Amino acid sequence: DVKVTQSSRYLVKRTGEKVFLECVQDMDHENMFWYRQDPGLGLRLIYFSYDVKMKEKGDIPEGYSVSREKKERFSLILESASTNQTSMYLCASSRTGNNDYGYTFGSGTRLTIV
Amino acid sequence: EDKVVQSPLSLVVHEGDTVTLNCSYEVTNFRSLLWYKQEKKAPTFLFMLTSSGIEKKSGRLSSILDKKELFSILNITATQTGDSAIYLCAWTGANSKLTFGKGITLSVRP
């Protein structure tokens, strides 16, 4: 069974901390994505990556950075956490090209910044 | 500016009803439209539509894309309480980036 695994289900961090969210996929997918989900706003794309060491800004990259040193792992970094970054964070992966099975999501990390 | 609009934003029905969920889009370099169901955790894939007029079916769910009028519908027949969820519509372009609408919250009452 194909899988996208996010390292933490729930996380509480303090304002100003540097926060790392990890995502690992075992499907040899080229593309990986980080979204945040907030009530009434849907899923919004933060960053995505087409390949190792490649990254592209999504719609709301401010306050975040990413790292993709290996194909299977895509990390989201909150450089200095703030309370407005309290949210559900979802990682996804996909294969490049036509894909009848869409994108596979991880179970999400609910991050609270206090 | 690219946009995806889902309607209605929320819907309450009774078990056994049939529902139609709408997704309209105005995007450049459109490649495909996807539907997802989200309960408490991650979105789960339902359908991917790339060709106009070809219905895709899975049990009581079906979906179709109209590339001329730029919309898609998701139909659920004989609804059950387990269909209660957020239904998300998303599109992809040439760069494989997946962009979502805000979702439709469906509540099915016994």
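So, here is what we can say about the structure in this document. The model shown is predicted, which means the values in this text are computed figures rather than measured ones. (Residues numbered from 1 in each chain as written. Chains lettered and ligands numbered in written order. Predicted model: local features only at pLDDT ≥ 70, side-chain atom pairs only at ≥ 80, totals over all residues. Heavy atoms only, no water.)

Let's shift gears to the sheet that holds strand 1 (residues 3–7) of chain B. Residue and element names in this part refer to chain B. In space, the five strands of this open sheet follow the order 1-3-8-7-6, with antiparallel pairing throughout. Every other strand in the sheet has two partners, leaving strand 1 and strand 6 (56–58) as the edge strands with one partner each. Averaged over all adjacent pairs, the angle separating strand axes in this sheet is 15°, with direction ignored. Inspection of the sheet shows strand 6 paired to strand 7 (residues 61–66) by three bridges, in the antiparallel sense. Bridging across to strand 7, Lys56 finds its partner in Ser63. (Pairing = 2+ DSSP bridges. Helix = DSSP H or I, 4+ residues; strand = E, 2+ residues; numbered from the N terminus. Axes fitted to C-alpha atoms, helices over the stretch in contact; angles between N-to-C directions.)

The interface is formed by 20 residues belonging to chain B together with 23 residues belonging to chain A. Interface area, chain B with chain A, both sides summed: about 1,800 Å², of which 56% is carbon and sulfur. Run the count over chain B and chain A and you get one salt bridge. In this structure, Lys97 of chain B and Asp59 of chain A form a salt bridge, with 3.7 Å as the shortest nitrogen-oxygen distance. Run the count over chain B and chain A and you get three residue pairs in polar contact (both at pLDDT 80 or more). When residues in the side of chain B that touches chain A are grouped by element, the largest group, three residues, is from strand 4 (residues 32–38) of chain B. Here the side of chain B that touches chain A is built from residues that sort into nine nonpolar, five polar and six charged. (Contact = heavy atoms within 4.5 Å. Buried area = accessible area lost by both parts, 1.4 Å probe. Salt bridge = Lys/Arg side-chain N within 4 Å of Asp/Glu carboxyl O. Polar contact = N/O pair within 3.5 Å; in protein donor to acceptor, adjacent residues only side chain to side chain. Nonpolar A, V, L, I, M, F, W, Y, C, P; charged D, E, K, R; others polar.)

Attention shifts here to the environment of Glu30 of chain A. All names here are of chain A. Structurally, the position occupied by Glu30 is in the loop between strand 3 (19–25) and strand 4 (31–38). Classification of Glu30 by relative accessible area gives partly exposed; the value is 24%. For Glu30, the residues in contact, after removing those within four places along its chain, are Ser49, Tyr50, Asp51, Arg68, Lys71, Ser94, Arg95 and Thr96. (Buried < 20%, exposed > 50% of the residue type's maximum accessible area, 1.4 Å probe, protein only.)

Under the counting rule described, the total for this entry stands at 12 aromatic pairs over all chains. With centroids separated by 4.6 Å and ring planes inclined at 15°, the aromatic side chains of Tyr25 of chain B and Phe30 of chain B adopt a geometry described as stacked. Residue classification places Tyr25 of chain B among the buried positions, given a relative accessible area of 4%. Through a chain of ring-to-ring contacts, the aromatic side chains of Phe33, Tyr35, Phe48, Tyr50, Tyr103 and Phe105 of chain A together with Tyr36, Phe45 and Phe100 of chain B assemble into a single cluster. In this arrangement the basic side chain of Arg9 of chain A is found over the ring face of Tyr10 of chain A, its NZ or CZ atom lying 5.6 Å from the centre. (Phe/Tyr/Trp six-rings, centres within 6.5 Å; stacked < 30°, edge-to-face > 60°. Lys NZ or Arg CZ within 6 Å of the ring centre and 35° of its normal.)

Applying the stated criterion across every chain yields a total of two disulfides over all chains. The disulfide partner of Cys23 of chain A is Cys91 of chain A, and the S-S distance across this bridge is 1.9 Å. Between Cys23 of chain A and Cys91 of chain A, the disulfide has an S-S torsion of -75° and is therefore left-handed. With Cys23 of chain A in strand 3 and Cys91 of chain A in strand 9 (residues 87–94), this pair connects stretches of sequence that are 68 residues apart. Of the two residues, Cys23 of chain A and Cys91 of chain A, both sit in the buried class. One disulfide bridge connects Cys23 of chain B with Cys89 of chain B, the sulfur atoms lying 1.8 Å from each other. The S-S bond linking Cys23 of chain B to Cys89 of chain B shows a torsion near -50°; that makes this disulfide left-handed. Here Cys23 of chain B, found in strand 3 (residues 19–26), pairs with Cys89 of chain B, found in strand 9 (residues 85–92); they are 66 residues apart in sequence, far enough to count as distant. You'll find Cys23 of chain B and Cys89 of chain B in the same group, each marked buried. (Disulfide = S-S within 2.5 Å.)

This part is about the side chain of Ser65 of chain A. Residues and elements named next belong to chain A. Note that Ser65 resides in strand 7 (residues 64–70). A distance of 2.6 Å separates a polar atom in the side chain of Ser65 from a polar atom in the side chain of Glu79. Setting aside anything within four residues of it in sequence, one finds Ser65 in contact with Tyr47, Ser75, Leu76, Ile77 and Glu79.

Okay, the pattern of salt bridges next. Residues and elements named next belong to chain A. Inspection of every chain in the model, using the stated rule, returns nine salt bridges over all chains. Asp28 serves as the salt-bridge partner of Lys71, at 3.1 Å between the closest nitrogen and oxygen. Of this pair, Lys71 sits in the loop between strand 7 and strand 8 (73–78) while Asp28 sits in the loop between strand 3 and strand 4, placing them 43 residues apart in sequence. Overall, Lys71 belongs to the partly exposed group, its relative accessible area being 26%. With a relative accessible area of 47%, Asp28 lands in the partly exposed category. Of the charged contacts, one joins Asp38 and Arg44 as a salt bridge, the two residues approaching to 2.9 Å between their closest N and O atoms. For Arg44, a relative accessible area of 25% gives the class partly exposed. Here the residues in one salt-bridge network are Arg36, Asp38 and Arg44, joined through shared partners.

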